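# Survey of secondary and tertiary structure
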Amino acid sequence: MAGRINDDDVKAVRDAVPIDSVVSEYLQLRNAGGGNLKGLCPFHDEKSPSFQVSPGKGLFHCFGCQEGGDTIAFVMKIDHLSFSETVERLAAKAGITLRYEEGGYNPSHQRGERIRLIEAHQAAAEFYVRALESPEAEIGRKFLAERGFDQDAATHFRVGYSPAGWDHLTRYLRGKGFSDKELITSGLSQDGRRGPIDRFRGRLMWPISDTAGEIVGFGARKLRDDDNGPKYLNTPETPIYKKSQVLYGIDLAKKDIAKASRAVVVEGYTDVMACHLAGVTTAIATCGTAFGNDHIKILRRLLMDNGSARVIFTFDGDSAGQKAALRAFEDDQKFAAETYIAIAPDGMDPCDLRLAKGDDSVRDLVEPRTPLFEFALRQIVGRYDLETPAGRAAALDEAAAVVAKIKTSSVQREVAVQLAGFVGILDQEFVVHRVAQLARWARDKGGDTAERGGRRGGAPGMRGGAPQQPAPAPGFSGPALNLRSPAHRTERELLKLALQKPALVSPAFDAYGLDEFTAPPYAAVRRCIEEAGGAEQGLADNREYLVAVMDAAPDNTVRSLVTELAVEVFIGKTIDETYAGMQLVHVRLRAVDRRINDVQGSLARLGSHVAPQDLAAAQNEVWVLQQYAQSLRAHGAAAL
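Calculation rules
Residues numbered from 1 in each chain as written. Predicted model: local features only at pLDDT ≥ 70, side-chain atom pairs only at ≥ 80, totals over all residues. Heavy atoms only, no water. Helix = DSSP H or I, 4+ residues; strand = E, 2+ residues; numbered from the N terminus. Buried < 20%, exposed > 50% of the residue type's maximum accessible area, 1.4 Å probe, protein only. Contact = heavy atoms within 4.5 Å. Pairing = 2+ DSSP bridges. Disulfide = S-S within 2.5 Å. Axes fitted to C-alpha atoms, helices over the stretch in contact; angles between N-to-C directions. Parallel < 35°, antiparallel > 145°, perpendicular 65-115°, else oblique. Left-handed = near helix turned anticlockwise from the far one by under 90°. Nonpolar A, V, L, I, M, F, W, Y, C, P; charged D, E, K, R; others polar. 1 Å grid on protein atoms, 1.4 Å probe; cavity = no way out; pocket = protein on both sides within 12 Å on 5 of 7 lines; lining within 4 Å. Points joined across faces, edges and corners; volume = space filled by probe spheres on them. Phe/Tyr/Trp six-rings, centres within 6.5 Å; stacked < 30°, edge-to-face > 60°. Lys NZ or Arg CZ within 6 Å of the ring centre and 35° of its normal.

The next thing to look at is the overall build of the protein chain. Helix and strand counts for the protein chain stand at 25 helices and 18 strands. Counting only residues that meet the buried cut, the protein chain has 50% of its 640 residues in that class. Considering only contacts within the protein chain whose residues lie at least 6 apart along the sequence, 67% involve residues at least 24 apart.

Shown next as structure tokens:
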């Protein structure tokens, strides 16, 4: 086993790789105010962004699912990596050479599985690109040229060629230090009679990358008639390749998708190439599977589901293409974006269209023309004879059931009115009523016709800036947080100051006891700050201080609350010494008042049974506390 990564190197990696640049590889981020950025959480489904990133602190936190942490924690969770694998990946990105406490530098055979499989795919891609220049690959170069792709296009999309022999790539990767087990696990090789052989042989190769731009698989196109395999052969399911979770071209298109709030979904690798070369740089394609749930999640995080977002599907005009369009419509309601369909009049795909009519025709094709719901309903209605009452009734029954799945009632009604026109029923209200009736029946049967999972708004428990009561925090004893409580609200603000702006509350904050925080979750965070050396530690290096506070958390529940408080915006508009002083005073003043009430309550309960000396001591304590409280009210933070 490799030794433990040197702590200084871990810190160097944290400092060198900005968290916003890493998170932006997976989702679109927008300004959230207070120096924070926001986006749709990649760890749970939601309609409105509750995922926030604080570049200045190097932290992220989702106010919906409570996931949070630093850059390393984000990559560990989203790519299912171990701590060491994550640090190694980020170190490679930053050009940092890692040191290990036991045994010097990390030997390649000890690197994490995912990193090794990614490295194998990168090496394979380079091998395939070089092989495309070989005499044997003339058939592949001819295939590309016949479809309008020159050498520059092949280079841009890293198209390659797999030699026709049994084990050219396998022997090459063995020479690079990869084991037979790694080659089989990666899907680049498969078991043969005498050991591993190449999975892809004599084919044109397209590398398939994930959102972060790392190659995780390949798509291979048959070139020769004596090849008995399928026309397209993709990487099998592996630890790093799940066909339902990858989109070809997403690494090239993601920035433009986010910038333009538009995505174009095509059917094949050459269609993606044709679109991009024609200027439609938001084109992506599925890899050997139908466009589904996981693909929607990827696009939604990039589109942010704002009101102007557009998703345009291009399908062949044949029956298979029409079925694909109907399948896409089934998932249409999972988008907040508007969805359209684009089918060339002569049924050509974007690659053929570019060849026949040029780049302009491809750009014109994907301009939004027909809403997907309209196309889908016309396809359903078109199967019936609308000249007869029975035909119209049957068409209405099938199409109305589809419209009833629309979650937003106003949109459902609008589409129902249009459906009446498609079917030829003059009584629009009858159709609207029929659709609403089917929707109610689905709800009564437990059908999912209502919006779920999507939280509207920003931080948890906040609506229009007014604190609401959040759910009880798990893992704590004592009363649940109640942000309607002035005490809890002030304690929360003070902890946020101690984490985000320690210079405003130090050194006074570090003298506050755990008992001054009435909410058990807040007391737990206070303990973490104490164990990390106090808020004063944040004056020198705020990032390292926050890491130390998180490391001091006894469990994930407390750790999540730490990250939440470290990125949450403040209630006040001007965050300065005056504001910080108010929070310090209010928390201390309430603690003093509680102590006065406790002592006076004890004296009242005991009555005449109190020993004279105890009575005098208690009365003196109350007098001192009352004087302190009076001073706090009169002089504020200066009395602390």
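A few words now on the pairing of strand S12 (residues 262–266). Among the 5 residues that make up S12, 5 are buried, leaving the element largely enclosed by the rest of the structure. Of the two faces of S12, the one lined by Arg 262, Val 264 and Val 266 and the one lined by Ala 263 and Val 265 are each fully buried. Pairing geometry for S12 and strand S14 (residues 310–314), over 4 bridges, is parallel. Paired with Val 265 across the strands is Phe 313, a residue of S14. As paired strands, S12 and strand S13 (residues 283–285) are joined by 3 bridges and run parallel to one another.

Next up on the list: the state of the cysteines. Counted according to the given criterion, the structure contains 0 disulfides. Of all cysteine sulfurs in the structure, the one in Cys 351 sits closest to Cys 275, which takes part in no disulfide; the separation is 9.4 Å.

This paragraph deals with the packing of helix H1 (residues 7–16) against helix H4 (residues 83–94). Relative to each other, H1 and H4 sit at 55 degrees, their axes nearing to 9 Å. With respect to their mutual orientation, H1 and H4 come out oblique. H4 is crossed by H1, and the crossing has left-handed handedness. From H1, Val 10, Val 13 and Ala 16 reach across to H4, where they touch Phe 83, Val 87, Leu 90, Ala 91 and Ala 94. Among the residues making up the contact of H1 with H4, the classes are represented as 8 nonpolar, no polar and no charged.

Spatially, the 5 strands line up as an open sheet ordered S13-S12-S14-S15-S16, and their pairing is mixed. With one partner strand each, in any of the chains shown, S13 and strand S16 (370–371) form the two edges of the open sheet. Its contacts with the sheet place helix H12 (residues 293–303) against S12, S13 and S14, and it is angled at close to 155 degrees to S12.

Here we come to the environment of Arg 492. Position of Arg 492 relative to the elements: it lies in helix H20 (residues 486–500). In this structure, the C-alpha to C-alpha distance between Arg 492 and Val 587, residues 95 residues apart in sequence, is 9.9 Å.

Next up on the list: empty space enclosed by the protein. By the definition in use, this model includes 2 cavities of 30 Å³ or more. Empty space within the largest cavity amounts to approximately 90 Å³. Those elements that provide at least two residues to the lining of the largest cavity are H1 and helix H22 (542–551). Residue contributions to the lining of the largest cavity peak at 4 residues, all from H22. The residue makeup of the lining of the largest cavity, split by class, is 3 nonpolar, 2 polar and 6 charged.

On to unusual backbone geometry. The residue after Ser 506, namely Pro 507, is reached through a cis peptide bond having omega 0 degrees. With respect to the helices and strands, the residue Pro 507 is situated in the loop between H20 and helix H21 (520–531). One non-glycine residue, Gln 66, adopts positive backbone phi at about 75 degrees. Secondary-structure assignment places Gln 66 in the loop between strand S4 (59–62) and strand S5 (68–70). For Gln 66, a relative accessible area of 29% gives the class partly exposed. In this model, Arg 158 sits at a positive phi of 55 degrees, which is unusual for a non-glycine residue. Mapped onto the elements, Arg 158 comes out in the loop between helix H7 (151–156) and strand S6 (160–162). The partly exposed category is assigned to Arg 158, whose relative accessible area is 30%.

Once that is clear, we can look at the packing of aromatic side chains. Taken as a whole and assessed by the stated rule, the structure comprises 16 aromatic pairs. Ring plane angle 15 degrees and centroid distance 6.4 Å describe the contact between Phe 509 and Tyr 512, whose orientation is recorded as stacked. Assessed through its relative accessible area of 0%, Phe 509 is described here as buried. Classification of Tyr 512 by relative accessible area gives buried; the value is 3%. Of the aromatic side chains, those joined through ring pairs into one cluster are Tyr 26, Phe 43, Phe 51, Phe 60 and Phe 74. In this structure, Arg 588 packs its charged tip against the face of Tyr 512, placed 4.1 Å from the ring centre.

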